[in-house]
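Here is how the chains run, residue by residue.
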Amino acid sequence: MPTNVLGTGTSALIAFQRALATVGHNVANAATPGYSRQRVEFEARAGQSSLLNIGQGVDVDNLRRLADGLVFARQLDSAGEMGRLTQMSGLASRVDALITGADTGLSTAWSGFFSAAQGVSTNPTSSAARDQLLTAGKQLTSRWNSLDRQLTQIGSDVESSLKDRVESANRLAGEIANLNRDIVSAGANASPDLLDQRDLRAGQLAALVGAETVVQDNGAMNVFTTGGQPMVLGNKAMQLTTVADPYQANRSQVAVQTDAGTVPLPAGALSGEIGGLLEFRGSVLDPARAELGRLATAFADTFNAVQRGGIDYDGNPGSDFFTLPPPQLNAHAGNNPASTASFSASVGDIGALTGNNLVLRFDGTNWSAARADTGQAVTMTGTGVAGDPFVVDGVELVLSGTASAGDRFLLQPTAGASAGISLALDDGDKIAAASPMTVGLDTGNTGNITGGSAQITNPALFAGFTTANITFLDATTYSVDGGPPVTYTPGATISGSGWSLTLNGTPAAGDEINLGRTGARSSDNGNARLLAGVDTQDILSGGTTDVTAGISQLAGRVGGDARHAKLNLQAQQAIDEQTSAERESISGVNLDEEAADMMRFQQAYQAAAQVIATADTMFQTLLSAVRR
């Protein structure tokens, strides 16, 4: 009988000792990231077969790790979204601050430039007013340049972040693979702490690339990105890397290293911080640079056209006010080395210009175009020769050399325009403030023509112009210098040798208009008025939007992207906090509960010790009785 009591007490002493050790382990790791509370589960020893069937004490049946697989899966999903949205929100806010900031955006310099243009229109002979316009033009182009540099710097930051996070993801994948190896080796005796360490690293990996997990029968955890790309298979970790974009060597793509080689991953293969960086670059940064360039192109091209249509202070046809780089074309790194194909590009139609990056492909017979971001086909016309260039989204392309089947080119119509716009003039006298011709109305006119605005259309032809006479044969027909009759509609452009004229009012039969060349040092401000009104010309989007509205729309777009990302991040933070709270309710260490368990197990331990002491007393009493 004492032996049974001693065995029962010993089993209890050992069991409660382990329970106390587990409680202490929980308390010690109360602040350890990723730690899951552990609990000792007891099982009564079955009694020996007898009439009374008295039990034999207690055993530790299991050391249970308190964790919920469904909650863990939600944590991984939340971690991936938090990583993605944190990057999107932070970086989109940087772009928003640049574009819309009073000190960094275009609005202040834009208003200053057209105020200076209005000054020239008010006083076209003033050297100070002309110099002020040049200074304002320099400030405006510098602001465009600065914005592009800042956006380029953000792009460089994205590149650095991509490389850093790819290294971190590879390290975590390797650690998970090593933990898988140890857990599989331990089998059923795998330490709960190893499982916690693995789950912690899986969560950290999910924050970088997005992750889904599948636990195998042998205990190993396979980890896949949300796009299905395996990151860990058993004790083998896949390695991510960054490779140069085949069109732009200074830009990285994320790829996976396989036995067959390095394979670039599609945009949707990754979530988390890496996915957020790639998404930001493709959906916020690149479109912002392209649109900034489209605005610069539309403004400079239109302003130059008006400037070329007037006469400067020296009496010469105006020359370009701004300089712009042509659209960029980059050949794919995988093009046939024997191919000699290349393109020269220019903007042909501002209204059709979208700024979208396009991929041009040659199938061996025909060229085609598609958007680089979506793959959507884009209409491409022409044959690619100088007289009939390819035309796509407002860009004209002339092909030279010989292409091979499969050759590809990336066309960036406006991505470099903001960085490359500059002032072409350095002399205020070169500002073409005057109209090229004086418009004289015959005193015998009976119509209600009040004047008109003239423009130079071909400087070489206009060089020989001195005077011209327009006679209206009737209200709908005119002739220039006695030439053949030309049909006329009110408001239509009348064209001559290197010039064009738009009249105000409606002519009558017999009305005459006498044109003369504007001389040097003219006080005429006809062309200056047109220059000052470029900001209100509807030249974008098929002639429906002016550049001022385009600048506002760009600011609204990037602001909307930033607000949308911030709101999504705030919503995800609420979900993440809820998920974390749910995990804590299951796996977190409650110090009050552990203190209560410690007191309970301590009392039980003391009671078990007392049972052993009682068994010892009984045994000693029995020995004493036998001695007598």
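You'll find the structure just up there.
Analysis parameters
Residues numbered from 1 in each chain as written. Predicted model: local features only at pLDDT ≥ 70, side-chain atom pairs only at ≥ 80, totals over all residues. Heavy atoms only, no water. Helix = DSSP H or I, 4+ residues; strand = E, 2+ residues; numbered from the N terminus. Buried < 20%, exposed > 50% of the residue type's maximum accessible area, 1.4 Å probe, protein only. Contact = heavy atoms within 4.5 Å. Patch = residues over 30% accessible without salt bridge, like charges linked within 9 Å, V, L, I, M, F, W, Y side chains within 5 Å. Areas by Shrake-Rupley, 256 points an atom, 1.4 Å probe, with all protein chains shown as cover. Salt bridge = Lys/Arg side-chain N within 4 Å of Asp/Glu carboxyl O. Axes fitted to C-alpha atoms, helices over the stretch in contact; angles between N-to-C directions. Parallel < 35°, antiparallel > 145°, perpendicular 65-115°, else oblique. Left-handed = near helix turned anticlockwise from the far one by under 90°. Nonpolar A, V, L, I, M, F, W, Y, C, P; charged D, E, K, R; others polar. Pairing = 2+ DSSP bridges. Core = buried A, V, L, I, M, F, W, Y, C linked by side-chain atoms within 4.5 Å. Expected span 1.5 Å × (residues − 1). Polar contact = N/O pair within 3.5 Å; in protein donor to acceptor, adjacent residues only side chain to side chain. Phe/Tyr/Trp six-rings, centres within 6.5 Å; stacked < 30°, edge-to-face > 60°.

Visitor: Honestly, the overall build of the protein in this entry has me stumped. Any pointers?
Guide: Each helix and strand counted, the protein has 11 helices and 27 strands in total. Overall, the protein is about 160 × 55 × 40 Å in size when its C-alpha atoms are taken along their principal axes. Out of the 628 residues in the protein, the part that is buried amounts to 44%. Put simply, 70% of the contacts in the protein that link residues at least 6 apart link residues at least 24 apart.

Visitor: It is not clear to me how a nonpolar patch on the surface should be interpreted in this structure. Could you clarify?
Guide: Side chains of Val-27, Leu-591 and Met-598 sit close together on the surface and give an oily, nonpolar patch of about 230 Å² of accessible area. For Met-598, the position within the fold is in helix α11 (residues 591–627). Given the relative accessible area of 34%, Met-598 is considered partly exposed.

Visitor: I keep staring at the packing of helix α2 (residues 69–100) against helix α4 (residues 127–186) and nothing clicks. Help me out?
Guide: Two measures define how a pair of helices packs: the angle their axes make with one another and the distance between the axes. As a packed pair, α2 and α4 sit with axes 10 Å apart at the nearest point and diverge in direction by 165°. Considering their axes alone, α2 and α4 lie roughly antiparallel with respect to each other. Both α2 and α4 take part in a crossing whose hand is right-handed. Of α4, the residues touching α2 (which contributes Gln-87, Leu-91, Arg-94, Val-95, Leu-98 and Ile-99) are Leu-147, Gln-150, Leu-151, Ile-154, Asp-157, Val-158 and Arg-165. For the contact of α2 with α4, a count of residues per class yields eight nonpolar, two polar and three charged.

Visitor: I'm lost on the packing of α4 against helix α5 (residues 192–209) in this one. Help?
Guide: Axis separation between α4 and α5 bottoms out at 9 Å; the angle between their running directions is 155°. It follows from the interaxial angle that α4 and α5 lie roughly antiparallel. Between α4 and α5 lies a crossing of left-handed hand. Counted together, Arg-165, Ser-168, Ala-169, Leu-172, Glu-175, Ile-176, Leu-179, Asn-180, Asp-182 and Ile-183 of α4 and Leu-194, Leu-195, Gln-197, Arg-198, Arg-201, Ala-202, Gln-204, Leu-205, Leu-208 and Val-209 of α5 form the full contact between these two elements. Residues belonging to the contact of α4 with α5 are distributed by class as follows: 11 nonpolar, four polar and five charged.

Visitor: Quick question: what am I supposed to make of the sheet that holds strand β3 (residues 212–215) here?
Guide: Strand pairs in the sheet, formed through backbone hydrogen bonds, run parallel or antiparallel to each other. Read across the open sheet, the four strands follow the order β3-β4-β5-β6; overall the sheet is antiparallel. Of all strands in the sheet, those bounded by a partner on one side alone are β3 and β6 (236–237). Here strand β5 (residues 230–233) runs beside β6; their pairing, made up of two bridges, is antiparallel. Across the sheet, Leu-233 pairs through a bridge with Lys-236, a residue of β6. Each of β4 (221–224), β5 and β6 touches α4; the most contacted strand, β5, lies at about 25° to it.

Visitor: Mind showing me how you'd approach the pattern of salt bridges here?
Guide: A side chain with one charge may pair with a side chain of the opposite charge, provided their charged atoms come close. If you walk through the whole model with that rule in mind, you get 24 salt bridges. Glu-81 is paired through a salt bridge with Arg-84; the nearest N and O atoms lie 3.0 Å apart. Separated by three residues within a single helix, Glu-81 and Arg-84 lie in helix α2, roughly one turn from each other. Glu-81 sits in the partly exposed class, given a relative accessible area of 21%. Assessed through its relative accessible area of 18%, Arg-84 is described here as buried. The structure contains a network of salt bridges with shared partners spanning Arg-39, Glu-41 and Arg-64.

Visitor: So what exactly am I meant to see when it comes to the sheet that holds strand β25 (residues 493–495) here?
Guide: The strand order across the open sheet built from three strands is β21-β26-β25, with neighbouring strands paired in antiparallel fashion. Every interior strand has two partners, whereas the edge strands, β21 (451–456) and β25, have only one. Averaged over neighbouring strand pairs, the angle between their axes works out to 25° when direction is ignored. In terms of strand pairing, β21 meets strand β26 (residues 499–504) through six bridges, oriented antiparallel.

Visitor: Help me out: how do you make sense of the pairing of strand β8 (residues 252–258) in this one?
Guide: One face of the sheet, then the other: side chains in a regular strand alternate in exactly this way. Here strand β7 (residues 239–244) runs beside β8; their pairing, made up of six bridges, is antiparallel. Within the sheet, the bridge partner assigned to Val-243 lies in β8 and is Gln-253. Taken together, the four bridges between β8 and strand β9 (residues 261–264) define a ladder with antiparallel strand orientation. In the strand pairing of β9, Ala-255 is matched with Pro-264. The hairpin formed by β8 and β9 contains two residues between the paired strands.

Visitor: In this structure, what is going on with the nonpolar core? I would like to understand it.
Guide: Note on soluble globular proteins: their nonpolar side chains tend to be buried together. Counting residues in each nonpolar core, the largest one holds 102 residues, and the members touching the most others are Phe-113, Trp-144, Phe-299 and Leu-397. Beyond its immediate chain neighbours, meaning those up to four positions away, Trp-144 contacts Leu-106, Trp-110, Leu-292, Leu-295, Ala-296, Phe-299, Ser-418 and Ile-421. Among the nonpolar cores identified, the runner-up in size contains 19 residues, and Tyr-478, Ile-494, Leu-503 and Leu-515 belong to it.

Visitor: Looking at this model, I keep getting lost on helix α10 (residues 547–587). Mind explaining?
Guide: One full turn of an α-helix is made of 3.6 residues, so residues set three or four places apart face in the same direction. Taking 1.5 Å of rise per residue, 41 residues should cover 60 Å, and α10 covers 58 Å from first to last C-alpha, within 8% of that figure. Of the residues flanking the start of α10, the one acting as N-cap is Asp-546, its side-chain oxygen 3.1 Å from the backbone nitrogen of Thr-548.

Visitor: Which parts of the structure should I look at to understand helix α6 (residues 272–308)?
Guide: In this model α6 runs 52 Å from its N-terminal to its C-terminal C-alpha over 37 residues, within 8% of the 54 Å that 1.5 Å per residue would give. Counting buried positions along α6 gives 29 out of 37 residues, so the element sits mostly inside the fold.

Visitor: Please clarify how the side chain of Ser-339 should be interpreted in this entry.
Guide: Along the chain, the position of Ser-339 falls in the loop between β11 (328–331) and β12 (342–347). Taking the relative accessible area as the measure of exposure, Ser-339 reaches 18% and is therefore buried. Sequence-distant contacts of Ser-339, defined by excluding residues within four places in its chain, comprise Thr-402, Ala-403, Ser-404 and Asp-407.

Visitor: What is the right way to look at the packing of aromatic side chains in this model?
Guide: Each aromatic ring pair is summarised here by two numbers: the centre-to-centre distance and the angle between the ring planes. For the structure on display, the rule yields 28 aromatic pairs. Note on Phe-114 and Phe-299: the rings are 6.0 Å apart at their centroids and 70° apart in plane angle, and the pair reads as edge-to-face. Of this pair, Phe-114 sits in helix α3 (residues 107–122) while Phe-299 sits in helix α6, placing them 185 residues apart in sequence. Ring geometry for Phe-299 and Phe-322: centres 5.0 Å apart, planes at 55°, overall tilted. Here Phe-322 lies in strand β10 (residues 322–323) and Phe-299 lies in helix α6, a separation of 23 residues in the sequence. Exposure remark for Phe-322: the relative accessible area of 2% places this residue in the buried category. Of the aromatic side chains, those joined through ring pairs into one cluster are Trp-110, Phe-113, Phe-114, Trp-144, Phe-299, Phe-303, Phe-321 and Phe-322.

Visitor: So what exactly am I meant to see when it comes to unusual backbone geometry here?
Guide: Most peptide bonds take the trans configuration, and most residues that are not glycine carry a negative phi. Non-glycine residue Asp-393 carries a positive phi angle of around 50°. Within the secondary structure layout, Asp-393 lies in the loop between β16 (390–392) and β17 (395–400). Phi at Ser-541 takes a positive value of approximately 50°, unusual for a residue other than glycine.

Visitor: Even after reading the chapter, I still don't get the environment of Thr-493, so can you show me in this structure?
Guide: By the secondary structure assignment, Thr-493 is in strand β25. A sequence separation of 48 residues divides Thr-493 from Asn-445, and the C-alpha atoms of the two residues are 20 Å apart. Apart from the residues lying within four places of it in its own chain, the contact partners of Thr-493 are Tyr-478, Ser-500, Leu-501 and Thr-502.

In short, shape yes, function no, at least from these values alone.
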